[in-house]
Structures are given as structure tokens and as C-alpha cells.
Amino acid sequence: MNPTAADDDAAFTDFLHTLRVWDLPELPGFDPDTAPGAPLPLFREWLRSAAAAGQPEPHTMTLATADADGRPDVRTLMLHGADARGWHFASHSGSAKGRQLAARPVAALGFYWAAQARQVRVRGPVTAAPAAESQADLHGRSTGALAAALTGRMSGVLGSTAELERASADAWERAQADPETPVPSWTRYVLDPVEVEFFQGDARRRHVRLRYRRTESRDWARELLWP
């Protein structure tokens, strides 16, 4: 007898129930009373700790935006920096995320480091960095990154993989011949945080959640959240 859709749904749900999170011998502790007065130092400490714990690609993050109609969108990309101005990432201004940020210049970031059962969430307005800084960001990366940027048309409809192969080959040739080739659409974005939450998982589900919230005076208020 062939399985029905309901059987397949039930089997998939059963499979999900077999999966476990934080299957680690020990989870790191987190005492919010010892946290610094601002979120940036703690974020840098946690990212370095995640890398030391073996977390693959700890500098990757999810970026959530909304389009002009308010419909949410999300994708995974790399962190390009975190400093006093905010959290940095980059893309083409004509990409889906670039168009969405032009229409609604606010976003949220999410970092998940399963190796230590930790998450960091960041929310705030987004601005585009000056063109010179954006180009320096691109040309400080690999030849492959420049070739990908030169290929362009990010998020556009692709006619065929052969079309991509031709465009990519041309872009690689240009990138190798002139590593300083400008890509005017390449934009470095900076998210100025208004909220930053640090989540430390606990095996008994007594998770520690510490939120930093920007006040009107641009200081940081700290508050614990229920799990």
C-alpha cells in the first residue's frame, strides 16, 4: 500500500521528534550581572568564543528585512564588521535586500552558535556607507568575491545555468586582470542597534536572556527576559 500524504506528514513529524539540540557534555555559563554596560564587547567575546568552540562559520548571520508592502524576508550572509557605528554587512544595492532596505531602512540580525547554545539578536535602522568605504570593503575581499560582485544581477531571474557560467567566467577574468575594478552597486550597510539580546541556552530550559535597549539619551538599559 502506498503511503498517504497524512502518513508522510506523521513520519516527518516523528523524525523531527528524534532530533536533539545542544547535545553537548556541558553548556557555558552566563552571569548577566557581570555583562558589560554596552553590547558590543560582549558580542565580540561571544563570537570569538563560538569560533574557539568549533562553531562553523560563526560570522554568518540571518538578515531579516521587509519589502515595500511590509512582507518579511530573510537570508543568511556574512558579518563584515561590528564597531561603534553598528553591525556591518554588504550587498548589491539592486538586490532584493538592497531594494527592501531602500524602501524600509530597518532590519534585524540573528546569530546562532549551536556549539555553545547561544544566540544574539540585533535590531535597528540601517544606513548605506559612503561609496569609497563600500568599494574598499569589496576590494579587501577575495578574487572570488569580486568576481561574484562583477557578475551582478543578484536576485534577478536567471535564464539558464549556461548563462551564469558565461557571466561568471567573464567576471573572473576581469577580477583577475584588475583587482581594483569598481562595482558601483556594491554597498556596505551599517545597522545601528536599538536592541541587542543575548540568549544563553540551558539544558533544563532555564535560558538566560539579557536585552540591551537603547534609551533616548543613547545610553544602554539592560533587562532580563523570561525564557
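Everything here concerns the structure above.
Please read these numbers as outputs of a predicted model, since none were measured by experiment. (Residues numbered from 1 in each chain as written. Predicted model: local features only at pLDDT ≥ 70, side-chain atom pairs only at ≥ 80, totals over all residues. Heavy atoms only, no water.)

**Q** Help me out: how do you make sense of unusual backbone geometry in this one?
**A** Note: most peptide bonds trans; most residues except glycine with negative phi. Although it is not a glycine, Glu57 adopts a positive phi angle of roughly 45 degrees. Since its relative accessible area comes to 53%, Glu57 is described here as exposed. One non-glycine residue, Ala117, lies in the positive phi region at around 55 degrees. Mapped onto the elements, Ala117 comes out in the loop between strand E5 (106-113) and strand E6 (118-128). Its relative accessible area of 0% is what places Ala117 among the buried residues. (Buried < 20%, exposed > 50% of the residue type's maximum accessible area, 1.4 Å probe, protein only. Helix = DSSP H or I, 4+ residues; strand = E, 2+ residues; numbered from the N terminus.)

**Q** Can you walk me through the packing of helix H5 (residues 143-151) against helix H6 (residues 161-177) in this structure?
**A** In a packed pair of helices, the relevant descriptors are the angle between the two axes and the axis-to-axis distance. Running from N to C, H5 and H6 cross one another at 125 degrees; their axes reach a closest spacing of 8 Å. As the angle between them shows, H5 and H6 are arranged oblique. Crossing handedness for the pair H5 and H6: right-handed. Facing H5, whose interface residues are Thr143, Gly144, Leu146, Ala147, Leu150 and Thr151, H6 presents Leu164, Ala167, Ser168, Ala171, Trp172, Arg174, Ala175 and Gln176. (Axes fitted to C-alpha atoms, helices over the stretch in contact; angles between N-to-C directions. Parallel < 35°, antiparallel > 145°, perpendicular 65-115°, else oblique. Left-handed = near helix turned anticlockwise from the far one by under 90°. Contact = heavy atoms within 4.5 Å.)

**Q** It is not clear to me how helix H2 (residues 39-52) should be interpreted in this structure. Could you clarify?
**A** Think of an α-helix as 3.6 residues a turn; residues three or four steps apart then line up on the same face. The end-to-end C-alpha distance of H2, which contains 14 residues, comes to 20 Å, matching closely the 20 Å that a straight helix rising 1.5 Å per residue would cover. Looking only at H2, the buried set comprises Pro39, Leu40, Leu42, Phe43, Trp46, Leu47 and Ala50. Each buried residue of H2 sits inside an arc of 160 degrees when the element is viewed along its axis, so together they form one side. Structural note: H2 exposes Glu45, Arg48 and Ala52 on the side pointing more than 90 degrees away from its buried face. Immediately downstream of H2, the backbone of Gly54 shows phi near 95 degrees, a positive value. (Expected span 1.5 Å × (residues − 1). Arc of directions from axis to C-beta.)

**Q** Got a minute to help me understand the packing of aromatic side chains in this structure?
**A** The description of an aromatic ring pair rests on the distance of the ring centres and on the angle between the ring planes. What the rule picks out here adds up to eleven aromatic pairs. A ring pair is formed by Trp22 and Phe199, whose centres lie 6.3 Å apart and whose planes are at 45 degrees; its orientation type is tilted. Residue Trp22 is found in the loop between helix H1 (5-18) and H2, and its partner Phe199 is found in strand E8 (residues 195-200); the two are separated by 177 residues along the sequence. By relative accessible area, Trp22 is classed as buried at 18%. (Phe/Tyr/Trp six-rings, centres within 6.5 Å; stacked < 30°, edge-to-face > 60°.)

**Q** It is not clear to me how the environment of Pro28 should be interpreted in this structure. Could you clarify?
**A** Residue placement: Pro28 occurs in the loop between H1 and H2. Here Pro28 falls in the partly exposed class, since its relative accessible area comes to 24%. C-alpha of Pro28 to C-alpha of Asp202: the two residues are 174 residues apart in sequence and 8.9 Å apart in space.

**Q** Sorry if this is basic, but what is going on with the side chain of Arg188 here?
**A** Checked against the element boundaries, Arg188 lands in strand E7 (residues 186-191). Look at Arg188 and you get buried, because its relative accessible area is 12%. A distance of 3.0 Å separates polar atoms of two side chains, one belonging to Arg188 and the other to His88. In this structure Arg188 touches His80, Gly81, His88, Phe89, Ala90, Thr127, Ala128, Ala129, Glu133, Ser134 and Asp137, once residues within four positions along its chain are discounted. (Polar contact = N/O pair within 3.5 Å; in protein donor to acceptor, adjacent residues only side chain to side chain.)

**Q** How do you make sense of a nonpolar patch on the surface when you look at a structure like this?
**A** Taken together, the side chains of Phe12, Phe15, Leu16 and Leu19 define a hydrophobic patch exposed on the protein surface, amounting to about 400 Å² of accessible area. With respect to the element layout, Leu16 can be found in helix H1. In this structure Leu16 comes out as partly exposed when scored by relative accessible area, which is 42%. (Patch = residues over 30% accessible without salt bridge, like charges linked within 9 Å, V, L, I, M, F, W, Y side chains within 5 Å. Areas by Shrake-Rupley, 256 points an atom, 1.4 Å probe, with all protein chains shown as cover. Salt bridge = Lys/Arg side-chain N within 4 Å of Asp/Glu carboxyl O.)

**Q** Hey, could you run me through the nonpolar core in this one?
**A** Core analysis: the biggest nonpolar cluster contains 30 residues, and Phe43, Trp87, Phe111, Val120 and Phe198 have the highest contact counts within it. The set of elements that each furnish at least two residues to this core consists of H2, strand E1 (60-66), strand E4 (86-92), E5, E6, E7, E8 and strand E9 (208-214). Looking at this core, the element that brings in the most residues is H2, giving six residues. Grouped together as the second largest cluster of nonpolar side chains are ten residues, Ala147, Leu150, Ala171 and Ala175 included. (Core = buried A, V, L, I, M, F, W, Y, C linked by side-chain atoms within 4.5 Å.)

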